Every structure is written in C-alpha cells, then in structure tokens.
Amino acid sequence: MPFNASTRNGTRSLKALLLLFMAASALLFSAVPALAHVGSPDIYAEGNAGPYRLLVTVRPPPVIPGVAELEVRVADLNTPGSPTVSGIDIAPIPLVGEASLHPPVGDRMKQSTQDPRFFSGALWLMASGSWQIRFTVNGSAGKGVLSIPVPATASSTKGMQAGLGLLLGGFGLLLVVGAIGIVGAAARDAQLPAGASPSTAGRKRSMIAMAVALVVMLGAVWFGNRWWKGEADNYARYVYKPLTMQTTLGTDQTLTLRIQDPGWLKSRKIDDFVLDHEHLMHLYVIREPGLDVIYHLHPEQIAPGEFQLVLPSIPAGNYGLYADVVHATGFPETLVTHLTIPEINGRALAGDDAKATMQPVTSLPASPAACPENPVAGPQFRLPDGYTMVWNNSATLPAKTPQVFEFSLLDTAGKPASDMALYMGMLGHAAFVKDDESVFAHVHPSGTVPMAALMMASAQNALLQPKSDAPAAVPGMMPGMSMSPTGQAGGLPDSVGFPYGFPTAGAYRVFVQMKHGDTIETAAFDACAASPAISPTN
C-alpha cells in the first residue's frame, strides 16, 4: 500500500491514543508478588562413593521446574596412596517408585582447573517431591556410587526483573501503537490515489477504525493479563506450604501436638510418617530469645497426625518448638510453632530425651564483616559431669560455604573419652539456630538429609556399588557413616563431624549432642557467619 505525506496527519490522533493506552495499561499490568522461603534450604552431605569420600552441596531451585546447583569436594586426594578421581557423573532420580529404578543418563560435572578436588554441575528438577541426586565417581580405584536425597519444592514465584519488564513493556507498547496506526492509515489512505490528500470522511473513517483497534488491542491485553494471572495463581498453589502444628498443654503436663495440612500437594498425608533414627518425631524445645534452655524430646503418635508426650521439668519461658518428621516418600518437614510454658515440675528424662541449660546467647556484631576471631562462647564447653566438649573449627566461618563442623569429647581428666556410645544410631546430633530464630537446622554426621531418606537411597545404591576397601561402618552405626581415624581402639571415635553451611551471615548458636556410657551430653557454641566466600568454579 503506498503511503504519502498525508499519513503524517494522523500524528496528533496517535499521540492522544498513546496517552490513553498508557493510562489503561498502567491499570492492567501487575507484578506477581514473590514469596520468600526462610531457613536453611541448601543440602549438605558427606559420604562414601565406594572408595571415594565426598562432601556434597546441593542448592535446590526456588521454583519448580528449576535448576539445582551442585558442588562436590573429594577428600584425601593429596594423601599418598589415595585414589584419584577422573570424573563424576550426576543424574536426578525419584527417590521412590518405579521411576527410581530407571535412572537417566548422567551429566558430567565440571572439574575445577584451580582445585582438582572440586567439581561443579547443574541438573533440572522437573516436579515437586522426593528426589535423589546420584553421583557416579570414576577414578583410579574403579567406580563408586553415592545418592543424596533432595526434597524439591517451589518455595517462591519469581517476578520479572524491573529492567526487563520495562524493556518488554516498551516493545509491546510500540507494537500496539504501531498496529493502531496501521489500521488508521489503512482505513484513511488505502483507496487514495497517489499524491492525493484524504477527505474529511476518510479522516473520520480513520479515527473510527483506530478507536475500534484500540478497544480490540486493550481487550487483547486485558484477556492476556487475565490468562497470565490465572497461570500464576495456578502455579502459586504448588508453592510449598509447610504443615502446621497446634499445641495444647494440659493440666497434667501433657503436651499434645496436632498436625494440620494447609493445602499443598494432594499426595501429601499426615498419617504416613516413618521412623527416622528410631523415632517418628524429633521435637526440639528451645527457650527464646536467649537460646539458653534446650530439650530434645520424642513425642509418641496417638492418632493420625496427633502426637503427645508428658513434659519433663521445664523452667518457665517462651519456647520455640521445632518438630522434624519424614514421610514414607522420604520427604522431610520441620513443623514450627511457639508456646509459653509455665514452670513445670515434671517427670525425669528417659530414653533418648535430653536437656541442657547454658548462658544466654551473646549478641555478636550486627555487621558480619566484624565477626570476631572467637566469639564469647569459645571453643570449649564444660559439661555438668566434668566432661568437656571441644569445637575443633574456627568459630568464624563464611556463610553459604560447606564445612565439616568437628567436635570432640574429653573426659574428666582432659583425655579423649573412651566410653563413647551411639546416640540414636549416630555419633552425634547438632542443631544450628540463628539468634533471630530465622534458621533452624537439625544436622547429622551424614549431613542435613534425614536418615530415613538416606537409607532409602542407600538401599538402591547397594545394588550398584562395587565392593571396595572403603572404611567399614561401625557396628550399629547408621549407613553412610565411617569410623573416624581418631577413634579409640576397640571402640567408637571420640569426635564427630557435621557437614553444613550457614545459610546467611549473622550470629548462630550450635547445639551439639554426643553420648558416652548412658549419659547424653549437650553443649552450645556461639558462631559468627561472615559474608559468603566464593568457591572455585574454573
């Protein structure tokens, strides 16, 4: 279609329509609010892939489908005679079900050129639920396999970046205005001879056509926005909603915990919990804000989704309750609530229940950059029976950096304890709590994954794992745990390590539990997480 100079006559009308469109679009476009998940989302684990010892970090995606970032550090490569690693393949596999028996072809991790012990990679997780990442290690000692359970959930919806939104909005606005201009020019000039000026009727016809086109375009934008919002609302239903827990404290000092599902996946149940190192529920009761009283208790299930226990003697105060449970699918959840408890003169502790009191947490510097060399709690904690627990790491560590937090137990003479015992099948338990109560993580020597899920993955690995000379597990110890070199002759080691990384910078209190004889010891150490360090990736 030929255009002539008269086409410029529509400029004024286009400006008016542009202003109208901008006003309308400002009402139509809206951003999807982002929901933040607080706590400790990253997964840290340590275990043997045959003869190779791996420290694994998995950073799950905040949205599903999404990409999980993985890091692996191989231990002891510099030790004379230790096996060398030539490559690590990774594959995402459902933790349970038929699909868990048919793994996909693995992707090769990238080995760092700066540190040959460090590998990095990424994998897509396509659905919410219980997954495992299978690490297949190839090296001088043959092949080894290690699977780490990964609970995949959408923790947020991601809004578009402001800059990108403005850019795309500008392009969209240009297209809409251009389309309206084309419609108006076509209605006015399509039948004009070359060089002729449009008539009054033609200009009127053009204005009517542009008005109709504006209505059509605004309708398209409106319906498009409704469709987009509907899709966003539909996705928001899949954003993880934790189970809730209601508490009732009876006059007979009985605490009742009732679990409720606020609505998330239809497949989630509240009556399918499995034993996780010998108990269906692990309940941490921590006095706030001082973090100076802690109980590790184990309520019994009396009905589907309902747990109960008679409380021991507890000093009065406001307490945070953190209950860990694991579903039959291997999916773990931590239920959180708060309760004001009057002073209770209750039963004596029995079985695996334990308690401890200590000085209130000391306020550390507000700026992580000002973290001291050693926070006030120091590297040693004197226990009531004369034993001493020692923290073997620096108390100032970078956030979001995997570490093995190592602790040792000394007897009354200051020597390594020789009467060590397993505490619920493990050398120890640890709870990492941030001073503002925004982080709680119950960690085992195998890492942050629940032992029940790890045992599910280990059962599958046993079919794939070739025999090797890897360190043998201590009798009675949970899978994935090996005898430490510092172990006592003929007994259990006096030290334990917990793979973990502080999720954010700030002040933390670390509660550590170890057992010797029939005594469960609980110590507390204050730590300061500095700004994250950058791991090698090249």
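This structure is a prediction, so every number in the text was calculated from the model and none was measured. (Residues numbered from 1 in each chain as written. Predicted model: local features only at pLDDT ≥ 70, side-chain atom pairs only at ≥ 80, totals over all residues. Heavy atoms only, no water.)

Caption draft 1: Main features of the overall build of the chain. Regarding its fold elements, the chain presents four helices and 28 strands. A buried classification covers 48% of the 538 residues belonging to the chain. Of the accessible surface of the chain, which amounts to about 25300 Å², a share of 60% is contributed by carbon and sulfur atoms. (Helix = DSSP H or I, 4+ residues; strand = E, 2+ residues; numbered from the N terminus. Buried < 20%, exposed > 50% of the residue type's maximum accessible area, 1.4 Å probe, protein only. Areas by Shrake-Rupley, 256 points an atom, 1.4 Å probe, with all protein chains shown as cover.)

Caption draft 2: The arrangement of the environment of S112 in detail. Here S112 is to be found in the loop between β6 (110–111) and β7 (118–125). A polar contact of 3.1 Å, which involves the side chain of S112, links it to the backbone nitrogen of Q114. (Polar contact = N/O pair within 3.5 Å; in protein donor to acceptor, adjacent residues only side chain to side chain.)

Caption draft 3: Representation of helix α3 (residues 200–236). Over its 37 residues, α3 extends 53 Å from the first C-alpha to the last, a length consistent with the 54 Å expected when each residue adds 1.5 Å. For α3, every residue scored as buried is listed here: G202, S206, A209, M210, A213, L214, L218, V221, N225 and A232. (Expected span 1.5 Å × (residues − 1).)

Caption draft 4: Molecular detail of the packing of aromatic side chains. On inspection of all chains with the given rule, the structure shows 22 aromatic pairs. Seen from their ring centres, F273 and F307 are 6.1 Å apart, and the 45° between their planes marks the pair as tilted. On the criterion of sequence distance, the pair formed by F273 in the loop between β11 (254–260) and β12 (282–288) and F307 in strand β15 (residues 306–310) is long-range, its members being 34 residues apart. The exposure class of F273 is buried, given its relative accessible area of 9%. Each ring, one from W391 and one from F407, has its centre 5.6 Å from the other, and the planes form 25°; the classification is stacked. Residue W391 is located in strand β20 (residues 388–391), and its partner F407 is located in strand β22 (residues 403–410); the two are separated by 16 residues in the primary sequence. As far as burial versus exposure is concerned, W391 and F407 are alike and both buried. An aromatic cluster of three or more residues is present, and its members are Y44, F381, W391, F405, F407, F432, F498, Y500, F502, Y508 and F525. (Phe/Tyr/Trp six-rings, centres within 6.5 Å; stacked < 30°, edge-to-face > 60°.)

Caption draft 5: Examining the packing of helix α2 (residues 162–189) against α3 more closely. Interhelical geometry of α2 versus α3 gives an angle of 150° and a closest axis separation of 8 Å. With respect to α3, the element α2 is oriented roughly antiparallel. Considering only the axes of α2 and α3, their crossing is right-handed. Taking contact as the criterion, the partners of V176, I180, V183, G184, A185, A187 and R188 in α2 are, on α3, G202, R203, R205, S206, A209, M210, A213, L214 and M217. (Axes fitted to C-alpha atoms, helices over the stretch in contact; angles between N-to-C directions. Parallel < 35°, antiparallel > 145°, perpendicular 65-115°, else oblique. Left-handed = near helix turned anticlockwise from the far one by under 90°. Contact = heavy atoms within 4.5 Å.)

Caption draft 6: The arrangement of a nonpolar patch on the surface in detail. Together, M160, L164, L167, L168, F171 and L174 make up an exposed nonpolar region whose accessible area comes to about 600 Å². Relative to the helices and strands, L167 resides in helix α2. (Patch = residues over 30% accessible without salt bridge, like charges linked within 9 Å, V, L, I, M, F, W, Y side chains within 5 Å. Salt bridge = Lys/Arg side-chain N within 4 Å of Asp/Glu carboxyl O.)

Caption draft 7: Just the confidence of the model for the chain, in detail. Mean pLDDT for the chain: 83, with 82% of residues reaching 70 or above. Scored below 50 in pLDDT, residues 1–38 shows 52 contacts in the model against residues more than four places distant or in partner chains. Every residue in residues 469–490 scores below 50 in pLDDT, and together they form 51 contacts with partners more than four places removed in sequence or on other chains. (pLDDT = per-residue confidence, 0-100.)

Caption draft 8: How the structure looks around the pairing of β12. Burial of β12 is extensive: six of the seven residues sit out of reach of the surface. Pairing geometry for β12 and strand β16 (residues 317–326), over seven bridges, is antiparallel. Paired with R287 across the strands is Y319, a residue of β16. For β12 and strand β13 (residues 293–297), the ladder comprises four bridges, and the chain directions are antiparallel. Pairing of I286 across the sheet is with I294, part of β13. With antiparallel pairing between neighbouring strands as the criterion, β12 and β13 make up a hairpin whose turn holds four residues, including L291 at a positive phi of roughly 55°. (Pairing = 2+ DSSP bridges.)

Caption draft 9: Molecular detail of the sheet that holds strand β26 (residues 495–500). Here we have four strands laid out as an open sheet, ordered β19-β20-β22-β26, and antiparallel in their pairing. With one partner strand each, in any of the chains shown, β19 (380–382) and β26 form the two edges of the open sheet. In this sheet, neighbouring strand axes are inclined to one another by 20° on average, regardless of whether the strands run parallel or antiparallel. The sheet contact formed by β19 and β20 spans three bridges and is antiparallel. Paired with R382 across the bridge in β20 is T388.

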